[in-house]
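# Reading the structure
Take a look at the letters that make up each chain.
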Amino acid sequence: MTINLDLFRQHLIYETNTSAEMICQDIKEIANLDRESELQKQKYNRYAKYFGIAIGVCFLLFLVSGIFDFIPLAGIFMIAGFISIIGLIWALIQASKHGKFDLANYRHQVASEIVKMVSRDMPLDATISVRLVLSLPTQKNKLVETIPHPYQSGFKIDTFQDEWLKIRGTFTDNTDFYLTATETSQTKYGWKRSRSGKSKYKSKTKSKGTDLDLTMHYPVKKYGAIQALRGDVVNAFKLPEKVVLKKLKQGEKNLNAIAHIPSEIANDKFSIYQAVTMMFLSTYQVLNLAKVLSKK
Amino acid sequence: MQIQLVWTDITTGKQFNPTLETPITLGKNFQGMPAEMSGKRVSRIVLSDPTVAGYHALIDESQGELLVINQNPNATTLINGVSLPSSTIVDGDRLQIGAFEIQVFLTATAPQNSGNTTQWKCDRNLGFLIPKPCGRTDPTGCPHCHGNPNQPDVYYERSYYPDYGNYNRGYWGHNYYSQRDYYSYNSNTGNVDFTEADANSVAMENDTDYELDMGAS
């Protein structure tokens, strides 16, 4: 295990350059931490609910005791009510504390699956460089742009870009690959005035989908004849139904493809994994043919 | 039982001679053929030809004998030129499946490449993206071979891209693949040459097609 969980808790970023096996072990640790936090959060939320009910009951009984002049009883219910309020605050603080580590499951699950998939075609002693960001997509440091709302006066739109996954490595054929996943979110916010004249702060965050960016640097000696396939490479690219190929650029020594996953499936681990796998398969459908054509 | 099958790909002219463990299925559709039979992993051979059925024939061992069984009533399997629904086969027999003629050799008598005894080597392609021959001389314990029949398909993701690795007629890259011998890549200049003579031959082929198309204006 290479992960330092205390350090990880501070920034919710996992970054390493080690074997696929070690990475998968580390991600398993992260998944355990996530599961434990989820359970703890649920537990304290349940406590908060009970304390809330207790406050309500104590308040009612306090009123009833007051009406019937049972002063000593009213005092007891008042004290019980105060204790319940303290209990509620404590439970909410605990739930929020554990909620910080309730991570987006799809991110660490997809990262682990991709590492396993690419490692099949890597030398046994190869290392993979991984950076997995599990902090909130709308953190301040991920803000890239703020613009005024196009038609709601007084409202603004913040755009966040969260590059939550970077994986880099080298396959057995000496092809370097570099994959990134970037989720874009937008938050619309501002003060809204109701008919009664009251002003209310409104804020809404929406995901705008995820971009998968795959770059392959291949050895020219082995795959140089890829130049003959220029213009036809795009036809070899196959992606899942809702995923769109945004860009495909073929250089002399590299191939770069960017695919966009729409927001409705951007948080689905299966859709992301399938899209990534199909990007790799599409690229190698081209490279394997280029290899045949490059042979003298 | 291990046998060697020898045939020539009618599209590419390439000769194949894999040594395989029974049961062996032959057909046009890889997914349409069973992956497992009686707990044994099946060696599936894809023969890309319109006259071959999705799941055309099965070669299996029964009581020490090698059997070939036709799997599709609408398809024909010729054994030494005779159409039979099923038959025992022996060393050197010829199977005709669609346009493919496949010769069967028991591995003990299989043709030798070097003149010396050839050791069995697994010829399955391993590697998810980059196929490479397995080359194991003993399948025991191999997750990809017959060591663990309950092992799920480790490369199940290939089903996301069913055409992967296929450059036959009707698939992406066929035009390049079928003329692969004419391509010449110069690693010094970075140029890919498609030789003039070959370009002419392609042009002539096109011209002939045109001449035969009497409806052409």
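Per an unreviewed UniProt entry, chain B is named Peptide-binding protein, and its organism is Merismopedia glauca CCAP 1448/3.

Chain A has the name DUF3137 domain-containing protein in an unreviewed UniProt entry, where Merismopedia glauca CCAP 1448/3 is given as its organism.

### Observations regarding the sheet that holds strand β9 (residues 65-70) of chain B
Residue and element names in this part refer to chain B. Strand order in the open sheet formed by 5 strands is β7-β4-β8-β9-β12, and the pairing between neighbours is mixed. Two strands in the sheet have a free side with no partner beyond their single neighbour: β7 (43-46) and β12 (86-89). Adjacent strand axes in the sheet meet at a mean angle of 20 degrees, parallel and antiparallel pairs treated alike. Two elements, strand β4 (residues 24-27) and β7, share 4 bridges in a ladder whose sense is parallel. Residue pairing for β7: leucine 26 is matched across the bridge by isoleucine 45.

### A word on the pairing of strand β1 (residues 13-18) of chain A
A regular strand carries its side chains on alternate faces of the sheet. Residues and elements named next belong to chain A. Burial of the side chains of β1 is restricted to one face: Tyr14, Thr16 and Thr18 are buried, whereas none of Ile13, Glu15 and Asn17 on the reverse face is. Relative to strand β2 (residues 128-133), β1 is paired through 6 bridges, and the arrangement is antiparallel. Each bridged residue has a counterpart across the sheet, and for glutamate 15 the counterpart in β2 is arginine 131.

### Notes on the interface of chain A and chain B
Listed per partner, the contact involves 37 residues of chain A and 27 residues of chain B. Across the chain A to chain B interface the summed buried area is about 3100 Å²; carbon plus sulfur atoms make up 64%. Among the residues of chain A in contact with chain B, Arg120, Leu281 and Gln285 of chain A are the three that bury the most area, contributing 23% of the side total. Inspection of the chain A/chain B interface yields 2 salt bridges. Among the salt bridges present, the one from glutamate 157 of chain B reaches arginine 120 of chain A, with a minimum N-O distance of 3.1 Å. One can count 15 residue pairs in polar contact (both at pLDDT 80 or more) joining chain A with chain B. Looking at the side of chain A that touches chain B, the elements that each hand over two or more residues are α5 (220-223), α6 (233-236) and α7 (269-294) of chain A. Residue contributions to the side of chain A that touches chain B peak at 17 residues, all from α7 of chain A. Per-class residue counts for the side of chain A that touches chain B are 18 nonpolar, 10 polar and 9 charged.

Cut-offs and rules
Residues numbered from 1 in each chain as written. Chains lettered and ligands numbered in written order. Predicted model: local features only at pLDDT ≥ 70, side-chain atom pairs only at ≥ 80, totals over all residues. Heavy atoms only, no water. Pairing = 2+ DSSP bridges. Helix = DSSP H or I, 4+ residues; strand = E, 2+ residues; numbered from the N terminus. Axes fitted to C-alpha atoms, helices over the stretch in contact; angles between N-to-C directions. Buried < 20%, exposed > 50% of the residue type's maximum accessible area, 1.4 Å probe, protein only. Contact = heavy atoms within 4.5 Å. Buried area = accessible area lost by both parts, 1.4 Å probe. Salt bridge = Lys/Arg side-chain N within 4 Å of Asp/Glu carboxyl O. Polar contact = N/O pair within 3.5 Å; in protein donor to acceptor, adjacent residues only side chain to side chain. Nonpolar A, V, L, I, M, F, W, Y, C, P; charged D, E, K, R; others polar.

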